[in-house]
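# Summary of the model geometry
As a plain string of letters, each chain reads:
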Amino acid sequence: KATVSVLYWVGLMGILNHTGRWCVLLCLATGANAAGGVKLWQLGADVDANPITVFTMFTFTVMLTIIIETIKHKTEHNTHDVHRKMALGAIYSELMMVGVVSFMLILAAELGITDITVKKPGCHPTDSTGNSTGSGSATAGSAGSGSGDPCIIGFNLLMFEYAHLVLFFMGITYGIFIQVSFWQRDRMVRKIHEIQMLTLSETCGFSFAPPSLFSIVGLCDSPGWARCLLTLRAAMAIFLKDQIKNVCRVEEMKLEVALAVMKGQPAPPMRASPDKALEAFDLSRFAHIAIAEVLVELLHVPPVVWLAIVAMSATNLIHTLGLSLSITVVIFAFLGPLLAISLLFRMAKQLQEIVVRAAGHPDLCQYEYMNAHGARQPLVVPPKFALDGQMWAAGEEAPWDTLDGCCDDDSLFNALDPNDPGSLEIQIQIIVFACCFFVGQITMLSILIYEELGVPAVFACWVLPIFPLVVLVPRALALYTLTHKTREPARPWLVEAVVLENAHGHGDHGHGHGD
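Residues numbered from 1 in each chain as written. Predicted model: local features only at pLDDT ≥ 70, side-chain atom pairs only at ≥ 80, totals over all residues. Heavy atoms only, no water.

## Concerning the overall build of the protein chain
Applied cut-off: Note on conventions: DSSP H or I runs of at least 4 residues are helices, E runs of at least 2 residues are strands, and numbering of each starts at the N terminus. Each residue is placed in one exposure class: buried if its accessible area under a 1.4 Å probe, protein chains only, is under 20% of its type's maximum, exposed if it is over 50%, and partly exposed if it falls in between. We call two residues contacting when some pair of their heavy atoms lies within 4.5 Å. Here the Shrake-Rupley method, with its probe set to 1.4 Å, supplies the accessible areas, and only the displayed protein chains count as covering residues.
In terms of helices and strands, the protein chain carries 22 helices and 2 strands. Burial statistics for the protein chain: of 515 residues in total, 45% are counted as buried. Sequence separation of at least 24 residues holds for 79% of the intrachain contacts in the protein chain that already meet a minimum separation of 6. Accessible area of the protein chain: about 25100 Å², with a carbon and sulfur share of 66%.

## Focus on the packing of aromatic side chains
Selection rule: Only Phe, Tyr and Trp rings are paired, with Trp represented by its six-membered ring, and only when their centres lie within 6.5 Å; those with planes under 30 degrees apart are stacked, over 60 edge-to-face, the remainder tilted. Lysine NZ or arginine CZ positioned within 6 Å of the ring centre and within 35 degrees of the ring normal marks a charge as sitting over the ring.
Per the stated rule, a full pass over the model turns up 9 aromatic pairs. Seen in terms of ring centroids, F168 and F169 are 5.4 Å apart; in terms of plane orientation they differ by 65 degrees. Their pairing is edge-to-face. Taken together, Y174, F177, W306 and F433 form an aromatic cluster joined through their ring pairs. The residue whose ring lies beneath R475 is W225, and the NZ or CZ to ring-centre distance is 4.5 Å.

## Structural notes on the pattern of salt bridges
Note the cut-off: A side-chain nitrogen of Lys or Arg and a carboxyl oxygen of Asp or Glu constitute a salt bridge if their distance falls within 4 Å.
A full pass over the atoms with the stated rule returns 12 salt bridges. Put simply, E252 and R491 hold a salt bridge, and the shortest N to O gap is 1.5 Å. In this pair, E252 is assigned in helix α12 (residues 250-263) and R491 in helix α22 (residues 491-497), connecting sequence segments 239 residues apart. Where R491 meets E256, a salt bridge forms, and the shortest distance between an N and an O atom there is 3.9 Å. Taken together, the residues R491 in helix α22 and E256 in helix α12 connect sequence positions 235 residues apart.

## Quick notes on the side chain of Q196
Stated formally: The definition of a polar contact used here is a pair of N or O atoms within 3.5 Å, where within protein one atom must be able to donate a hydrogen and the other to accept one, and adjacent residues in sequence count solely through side-chain atom pairs.
Secondary-structure assignment places Q196 in helix α7 (residues 157-196). At 2.7 Å, the side chain of Q196 and the side chain of D282 are in polar contact. Ignoring sequence-local partners within four residues, the contact set of Q196 consists of L230, R233, F281, D282, L283, S284, Y369 and A372.

## Quick word on the nonpolar core
To keep it simple, the criterion reads: Throughout, nonpolar core names a set of buried Ala, Val, Leu, Ile, Met, Phe, Trp, Tyr and Cys residues whose side chains join them through atoms within 4.5 Å.
Y174, W225 and F286 are the most contacted members of the largest nonpolar core, which has 97 residues in total. Not counting residues within four places of it along the chain, the set of residues in contact with W225 comprises M188, K191, I195, S215, I216, L351, R475, L479 and L482.

## Some points on the environment of A358
With respect to the helices and strands, A358 occurs in helix α18 (residues 335-358). For the pair A358 and T231, spaced 127 residues apart in sequence, the C-alpha separation works out to 7.3 Å. Those residues in contact with A358 that sit more than four places away from it in its chain are A235, L364, W392 and P399.

## Observations regarding the packing of α18 against helix α20 (residues 421-453)
To keep things clear, this is the line we draw: Structural elements are reduced to axes, namely lines fitted to C-alpha atoms, with helices fitted over the stretch in contact, and the angle between N-to-C directions of any two is expressed from 0 to 180 degrees. Geometric relationships in this document are graded by angle, where less than 35 degrees denotes roughly parallel, more than 145 denotes roughly antiparallel, 65 to 115 denotes roughly perpendicular, and other angles denote oblique. Helix crossings fall into two classes, left-handed where the near helix is turned counterclockwise from the far one by less than a right angle and right-handed where it is turned clockwise. By the convention adopted, Pro, Cys, Tyr, Trp, Phe, Met, Ile, Leu, Val and Ala count as nonpolar, Lys, Arg, Asp and Glu as charged, and the other residues, Gly among them, as polar.
At a minimum axis separation of 9 Å, α18 and α20 run at an interaxial angle of 150 degrees. Viewed along their axes, α18 and α20 adopt a mutual orientation that is roughly antiparallel. For the pair α18 and α20, the crossing hand works out as left-handed. Residues G336, L339, A340, L343, R346, M347 and Q350 of α18 lie in contact with α20, whose contacting residues are L424, Q427, I428, I431 and C435. Across the contact of α18 with α20, the residue classes break down as 8 nonpolar, 3 polar and 1 charged.

## Structural notes on the packing of α18 against helix α21 (residues 455-484)
Where α18 meets α21, the axes come as close as 9 Å, and the angle between the chain directions of the two elements is 20 degrees. If you check the angle between α18 and α21, you find them roughly parallel. For the element pair α18 and α21, the recorded crossing hand is left-handed. Here G336, P337, A340, I341, L343, L344, M347, A348, Q350, L351 and I354 of α18 come into contact with α21, specifically with L464, P468, L472, V473, R475, A476, L479, Y480, L482, T483 and H484. Looking at the contact of α18 with α21 residue by residue, the classes come out as 17 nonpolar, 4 polar and 1 charged.

## Topic: α20
This is how it is decided: Here a helix's expected span is defined as the number of its residues, less one, multiplied by 1.5 Å. To get the bend at any residue, fit one axis to the seven residues that end at it and another to the seven that begin at it, then take the angle between the two axes.
Given a rise of 1.5 Å per residue, 33 residues ought to cover 48 Å, yet the end C-alpha atoms of α20 are separated by just 41 Å, more than 12% below that figure. Considering bend angle alone, the principal kink of α20 is centred on L445 and spans about 65 degrees. Between the side-chain oxygen of the N-cap and the backbone nitrogen of G422 there are 3.2 Å, and the N-cap of α20 in question is D420. At the exit of α20 stands G454, carrying a positive phi of roughly 95 degrees.

## Things to note about helix α4 (residues 51-77)
Along its 27 residues, α4 runs 39 Å from first to last C-alpha, staying within 8% of the 39 Å computed at 1.5 Å per residue. When α4 is considered as a whole, its buried residues turn out to be T61, L64, T65, I68 and K72.

## Details of the environment of E194
One can find E194 in helix α7. Overall, the relative accessible area of 49% leaves E194 in the partly exposed class. Linking E194 and A372, residues 178 residues apart in sequence, is a C-alpha distance of 9.5 Å.

## Re the state of the cysteines
For clarity, the threshold we go by: Cysteine sulfur atoms that pair up within 2.5 Å are treated as a disulfide.
With the rule as written, the count across this model stands at 0 disulfides. There is no disulfide at C435, and the cysteine sulfur nearest it, in C436, is 6.8 Å away. Classification of C435 as buried rests on a relative accessible area of 1%.

## What about the confidence of the model for the protein chain?
Heads up, the rule is: A score between 0 and 100, pLDDT records how confident the predictor is in each residue.
Here the protein chain averages 79 in pLDDT, while 79% of its residues score no lower than 70. Counting contacts from residues 505-509, a segment whose pLDDT is below 50, to residues more than four positions away or on other chains yields 6 contacts.

## As for a nonpolar patch on the surface
Note the threshold: Patches in this entry comprise residues that are over 30% relatively accessible and not in a salt bridge; like charges within 9 Å are linked, as are nonpolar side chains (Val, Leu, Ile, Met, Phe, Trp, Tyr) within 5 Å.
Nonpolar side chains collect at one region of the surface, where F459, V463, I466, F467, V470 and V471 lie side by side and expose about 500 Å² of accessible area between them. Structurally, F467 can be placed in helix α21.

Encoded structure:
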């Protein structure tokens, strides 16, 4: 029954290709193997004896395929954001891999590969009747040790299905996290657009005060977050002055329009003129596309993150030291939230440093957003905060220069670098997967935890990994983007940031009104 269950769900999610259909068919056929010990390739007699059942199974499989493909196409049709479409494509490919793994498992079981057993080195069985040959085929596969001998390690089909389902639910949770992060991005972009309509003088009261960490991490909706964003926007306009003006060159825009006409494509939206580019720079549009690009990048999981998942599965080894599995899972459920809190405050601290170092630049208030309302007067910056900005204006270090990585790119510990953007993305992925992994594990172990520790423990186990995925990590991702992706932004991001209001044909684009 466990085999049928896992292959049914894998087939259900893998119907995006032919692999999923094979999984559905094979999971239905596996019941005959379990009941009568018949190999899949020897089902001819059963097929001949049960024509109505076979027809019913084919009909069920085709209907299931049609239903889920219809849902898939409807989802794609209603998804207009190009980055969300890219995210859906990546999620589909990951689910396809789940179906491939399941299909390979079936083939391995049919070929007898899963019956192979290995004796533990230096182990002496206490049961003299134990048989270490591992020739029990189906019984050996389900027992996991060939014949119950504690010195024999064999392929345990049921435990494989447990691990497979944990990773399966981990993948589903990761897909949900990506969609929640897009929703959080839209929410933050709308807030940035509202804040951008104010001037620095209106927000700061003509005297600059550094934003607190708590206002940056979003624990309070205070003027500190507005000061942070407006200072960052002005600093970007100064730091990226040449790049922003270059994407607004009239000659370049004319060539793009001519090329679009030749290809029969819609003309690109109009951008601000070079002399108005810095005032037209829209931080909300920049954040809209930049955060989306970062989310898409996170869908490509490097091997080091998979190795971290293997390390997280060590909870199943630790409890062998005498601690029950339920208590071990509850303890390690705190890992994701603690890492997420640490990441969030670290990103907030780095963004705070950039803002404070930029506040003293004498030209900061010259590049207010063109549609901002309020007084436009120079800020009074206390001397202890003004020095870095004045040195930047004199040609010294820019605010972003302090974010250089501290580890060599070829170093074994480069993934732990607290400043390198590539290393930070790996750290973010590890935190996300840690939370998703525990969601998958708790999905499979909820009954065990309930029976041993009660309802409060089950509730805590679900809330602890989900809260970072819904609240903490999306916020940390946004702060990471505003901190590290504003130093050397991609050209398309700058192009999007200087598109004139309503140039897309509707004013909502780029202001968080996504789908």
